[in-house]
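Summary of structural features
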Amino acid sequence: YVSGGLKEFYTYTNGLQTGPFEERLANGIIAVRGQFINGLKDDLWYFYSSLGEIQEINAYHLDTLHGIYETYFPNSAPKTKGNYKKGKKHGKWVWATENEKLEMTGSFIDGEQDGEWNYYFSTGQLSYNAHFSQGLRTKTWTYHFADGSTYKKGDYKNDQKSGLWITNYENGKPLMKGSYNNGLEQGEWLNYWDNAKVKNQAFFRAGELDGSWNSYS
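Residues numbered from 1 in each chain as written. Predicted model: local features only at pLDDT ≥ 70, side-chain atom pairs only at ≥ 80, totals over all residues. Heavy atoms only, no water.

1. Quick notes on the pairing of strand 13 (residues 112-120)
Taken together, the five bridges between strand 12 (residues 102-109) and strand 13 define a ladder with antiparallel strand orientation. Considered in strand 13, the bridge of Phe108 is made with Gln113. In this structure, strand 13 lies alongside strand 14 (residues 126-133), joined through six bridges in antiparallel fashion. Paired with Tyr119 across the bridge in strand 14 is Tyr128. Adjacent in sequence and paired antiparallel, strand 13 and strand 14 are bridged by five residues, among which Gly124 carries a positive phi angle near 95°. (Pairing = 2+ DSSP bridges. Helix = DSSP H or I, 4+ residues; strand = E, 2+ residues; numbered from the N terminus.)

2. Topic: the pattern of salt bridges
Where charged atoms of side chains with opposite charge meet at close range, the side chains can pair. Applying the stated criterion across every chain, the model contains three salt bridges. With its nearest N and O atoms 3.0 Å apart, the salt bridge here joins Glu22 to Arg24. Among the residues examined, Arg24 registers a relative accessible area of 24% and is labelled partly exposed. A salt bridge links Asp210 to Arg205, with the shortest nitrogen-to-oxygen separation between them at 3.4 Å. The exposure class of Arg205 is exposed, given its relative accessible area of 53%. (Salt bridge = Lys/Arg side-chain N within 4 Å of Asp/Glu carboxyl O. Buried < 20%, exposed > 50% of the residue type's maximum accessible area, 1.4 Å probe, protein only.)

3. A word on the packing of aromatic side chains
Each aromatic ring pair is characterised by the separation of its centres together with the angle its planes make. A complete count under the given rule lists 25 aromatic pairs for this structure. When the ring of Tyr128 is compared with that of Trp141, the centres are 6.1 Å apart and the planes differ by 20°; the resulting orientation is stacked. A residue pair is termed long-range when its members are at least 10 positions apart, and Tyr128 in strand 14 and Trp141 in strand 16 (residues 139-144) qualify at 13 residues. Exposure remark for Tyr128: the relative accessible area of 22% places this residue in the partly exposed category. Here the guanidinium or amino end of Lys89 rests over the ring plane of Phe108, the centre of that ring lying 5.9 Å away. (Phe/Tyr/Trp six-rings, centres within 6.5 Å; stacked < 30°, edge-to-face > 60°. Lys NZ or Arg CZ within 6 Å of the ring centre and 35° of its normal.)

4. Description of the nonpolar core
Trp45, Trp93, Trp117, Ala130, Phe132, Trp141 and Trp165 are the most contacted members of the largest nonpolar core, which totals 24 residues. Counting residues per element, the ones that place at least two in this core are strand 5 (30-37), strand 8 (64-72), strand 11 (91-96), strand 13, strand 14, strand 16 and strand 21 (198-205). Beyond its immediate sequence surroundings of up to four residues, Trp117 is in contact with Trp95, Met104, Thr105, Gly106, Ser107, Phe108, Tyr128, Asn129, Ala130 and Phe132. (Core = buried A, V, L, I, M, F, W, Y, C linked by side-chain atoms within 4.5 Å. Contact = heavy atoms within 4.5 Å.)

5. As for the pairing of strand 19 (residues 174-181)
Note: strand 18 (residues 160-168) against strand 19, six bridges, orientation antiparallel. By the bridge assignment, Ile166 is partnered in strand 19 with Lys177. Here strand 18 folds back onto strand 19, and the loop between the two strands holds five residues, one of which, Gly172, carries a positive phi near 90°. The pairing of strand 19 with strand 20 (residues 184-192) spans five bridges and is antiparallel. Looking across to strand 20, one finds that Lys177 is bridged to Leu190. Two successive antiparallel strands, strand 19 and strand 20, enclose a turn made up of two residues, where Asn182 displays a positive phi of approximately 55°.

Here is the structure:
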């Protein structure tokens, strides 16, 4: 810098950056710190704000993300925590809000969502619970109202809605129920008044209305 302050620090071996690396702002605060091996990022790299607060920590192996991955809000609260394996998300990941409430949690296998995932309201209360298998939706998915009661519930098979799905009013009584086959409405579907009495009845075949439609007051 014009002030004489150090801007960057690194060394070369055989024409390639090798060893510790630092990049500094004009005020002398470190902005980036890490290490190179033969010109490639390796080991832990740290990224800082203009105030010197940690913003991100990444692990590399020969220029590919491999190992821990963490990001932080300006108030230093954790934003994202997880791991990479050969450039792909792998293992458990956690996302949070700036006020340190959970936002989303789940696992990856080689970059694909896998296993149980939980998504949260801004209050930190569970919004819905989901399941994946190698990136495809599977098993039971349950959605909640803010008070924790069940809003909607049903299964996925091979990334498509399958079997009975039920949607509820906030009072716990059914709003709608019906079945899916390969992601398409199939058979009888019922829509209810909030006193649990049937409002509409319809029949479907492969996602298309097929048969009578009955409405009740």
